[in-house]
Amino acid sequence: MLTLYTAVGILRFQDSIKEHKTPTVINNRQEYGLTEEEFFLWSSLAFQIRQIHELQSAFSERLKKHHRSENIPIEPYLNRLLLRGLVVKGDGLTGVDALYRLLGELYISPLQDSFSVRLFTCIYLCMKKKLHTKELIHYLKKPARTAIEDTVLQIAKKVQISTAELVTCVEQGIHPQNTEQLLTQLYETSDATFRTLAQDIQFIHAGYPVLEAISNLYLNKQIAFEKL
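Please read these numbers as outputs of a predicted model, since none were measured by experiment. (Residues numbered from 1 in each chain as written. Predicted model: local features only at pLDDT ≥ 70, side-chain atom pairs only at ≥ 80, totals over all residues. Heavy atoms only, no water.)

A. Spotlight on the overall build of the protein. Counting its regular elements, the protein contains eleven helices and seven strands. For the protein, contacts bridging at least 24 residues in sequence account for 64% of all contacts bridging at least 6. As displayed, the protein offers around 13,200 Å² of accessible surface, 52% of which is attributable to carbon and sulfur atoms. (Helix = DSSP H or I, 4+ residues; strand = E, 2+ residues; numbered from the N terminus. Contact = heavy atoms within 4.5 Å. Areas by Shrake-Rupley, 256 points an atom, 1.4 Å probe, with all protein chains shown as cover.)

B. Summary view of the side chain of S215. Its place among the elements puts S215 in helix α11 (residues 208-219). Apart from residues lying up to four places away in sequence, S215 is in contact with I49, L99 and L103.

C. Molecular detail of the pattern of salt bridges. Scanning the model with the defined rule gives five salt bridges in all. Taking the shortest distance from any N to any O, the salt bridge between E38 and R80 comes out at 2.6 Å. Separated by 42 residues along the polypeptide, E38 in helix α1 (residues 36-45) and R80 in helix α3 (residues 75-83) bring together distant segments of the chain. Take E38: its relative accessible area is 1%, and that puts it in the buried class. For R80, a relative accessible area of 43% gives the class partly exposed. Sharing partners across several salt bridges, the network here consists of E36, E37 and R68. (Salt bridge = Lys/Arg side-chain N within 4 Å of Asp/Glu carboxyl O. Buried < 20%, exposed > 50% of the residue type's maximum accessible area, 1.4 Å probe, protein only.)

D. Spotlight on the packing of aromatic side chains. Taken as a whole and judged by the stated rule, the model has three aromatic pairs. Between F47 and Y218 the ring centres are 5.6 Å apart and the planes differ by 40°, which places this aromatic pair in the tilted class. Of this pair, F47 sits in the loop between α1 and α2 (52-65) while Y218 sits in helix α11, and the two are 171 residues apart along the sequence. Measuring from centroid to centroid gives 4.6 Å for Y218 and F225, while their planes differ by 45°, and the two rings are tilted. Each member of the pair, Y218 as well as F225, is classed as buried. Among the aromatic residues, those joined into a cluster by ring pairs are F47, Y218 and F225. (Phe/Tyr/Trp six-rings, centres within 6.5 Å; stacked < 30°, edge-to-face > 60°.)

E. Spatial organisation of the nonpolar core. Counting residues in each nonpolar core, the largest one holds 52 residues, and the members touching the most others are W42, I161, L166, I214, I223 and F225. Setting aside anything within four residues of it in sequence, one finds I223 in contact with F47, I108, S109, P110, L111, L153, I214, L217 and Y218. (Core = buried A, V, L, I, M, F, W, Y, C linked by side-chain atoms within 4.5 Å.)

So, in structure tokens, the structure goes:
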């Protein structure tokens, strides 16, 4: 059995006492403050899809970087983030099955992708000595997208939609312009939901190209995921 993990929500830093900024994840319009250990773990999964051993290594590396003991157990913090819905996991006998079950019920949130955002991000990273000036040109370029990735973004920008719904829309050639069209064109029965749809499509591997496009957009930091 293969298990995959990823992070949910958007990270913000909120002002706190003594000019200390508290890491806060915003998911479905709700704010969740993180402890330092939770932040290390959550950020190890942000824009990443990892197995548990990969997550453990990334978590230990972040602890080491911040001069913390590398032997801090991951389980209490992982379980808490899973319980709060800020980390999700998906199980499957194959990588495709695990990926469907990981992302199927998550909603897609397109991120702002402009030259000014990329420029200021690069300047900040250079000031922090996390990016060499020779790498600027590469990171300033707008990431190339495939036709199917463009289709995914176009739909996600028009309507709040889950991964399972988006896979089904692209497969059936449906391009909803609003929520009403999505509900009318996609759901045949009144008791169907985005969760039942996710369960129905998890074994349809013909939808893998769309799932791959969604995963690539996420790994390239062009979308984030939310959990309702």
